[in-house]
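# Coordinate inspection notes
Each chain, written out:
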Amino acid sequence: MPRPLLPSLQDELDRITQNTRALVQAERLAISEKATAELFATGIEDRILRVGAKAPKFTLPDALTGKSVHSADLLSLGPLVIKFFRGRWCPYCITELEVWRDLHAEVRSRGALFVAISPQTPRQNDFTLQQHNLPFPILSDAGAAVAERFGIAYSVPDEHRRYYQGILVNIPFVNSGSTYKNATESSWRLPLPATFVVNRDGTIVFSEAHADFHVRPEPADVLSYLQAYGD
């Protein structure tokens, strides 16, 4: 099957960046850019599980059904595309999920399954699913515990927490239902936006994540990899 001719996801994300820079104060942008640089400097990209590694097994609640979903059960049905995203408050994440929504039939035609994972509560994940008409499961990873096992979890630093408060993004609330005042450390945990493809034997065959949340893998590349490696 030839590689599908798809619009560039990165072009869509770059347009969001351009619009944001035109509307947001330079000092606020500087805080976000500093946080991204500091996250990269932690070496987190060196800890991401690579191709050839075994994907950690997980059991997480599904937003739509409330039932536990086991990764082993998913893999028994076919290769698995795992999309970690930060939350419904992130326009980059939502744009990426909507692109995968439109490609869901293509994923299934290649014998694969797609699942999205975020640290949001099941209620917030259900809002995400319903608002954007997503056809795939969204699983809740409290405290980014599973993301940690994939090497992509981090804690939002204090300065950036104040930045989010200033722009009315309540990460502790969407992740745990708590207020800023009683937020736990785990409610400030996020994953790098990441995409993994896992073969039915549990081996990771595609792995991409970036400390810079503006950058995401092209779905066309992931689909081509499914074609090359899917069972």
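Preceding this paragraph is the structure being described.
All figures in this text were calculated on a predicted structure; none of them were measured in a lab.

## Regarding the overall build of the protein
For the protein, the helix and strand inventory stands at 10 helices and nine strands. In summary, the protein has a C-alpha radius of gyration of 17 Å against a globular reference of 17 Å for 231 residues, a match within 12%. Dimensions along the principal axes, computed over C-alpha positions, put the protein at roughly 50 × 35 × 35 Å. By the burial criterion, 51% of the 231 residues in the protein qualify as buried. Intrachain contacts of the protein at a sequence separation of at least 6 include 73% that bridge at least 24 residues. Here the protein displays about 10,900 Å² of accessible surface, and carbon together with sulfur accounts for 54% of that area. Counting 24 positive and 26 negative side-chain charges, the protein places the averaged centre of each group 5 Å from the other.

## A look at unusual backbone geometry
Not every positive phi belongs to a glycine, and Ala 144 is a case in point at roughly 55°. Here Ala 144 is to be found in the loop between strand S5 (138-140) and helix H7 (145-149). Given a relative accessible area of 1%, Ala 144 falls into the buried group.

Calculation notes
Residues numbered from 1 in each chain as written. Predicted model: local features only at pLDDT ≥ 70, side-chain atom pairs only at ≥ 80, totals over all residues. Heavy atoms only, no water. Helix = DSSP H or I, 4+ residues; strand = E, 2+ residues; numbered from the N terminus. Rg over C-alpha atoms; globule rule 2.2 N^0.38 Å. Buried < 20%, exposed > 50% of the residue type's maximum accessible area, 1.4 Å probe, protein only. Contact = heavy atoms within 4.5 Å. Areas by Shrake-Rupley, 256 points an atom, 1.4 Å probe, with all protein chains shown as cover. Lys, Arg positive; Asp, Glu negative; His and termini not counted. Charge placed at Lys NZ, Arg CZ, Asp CG, Glu CD.

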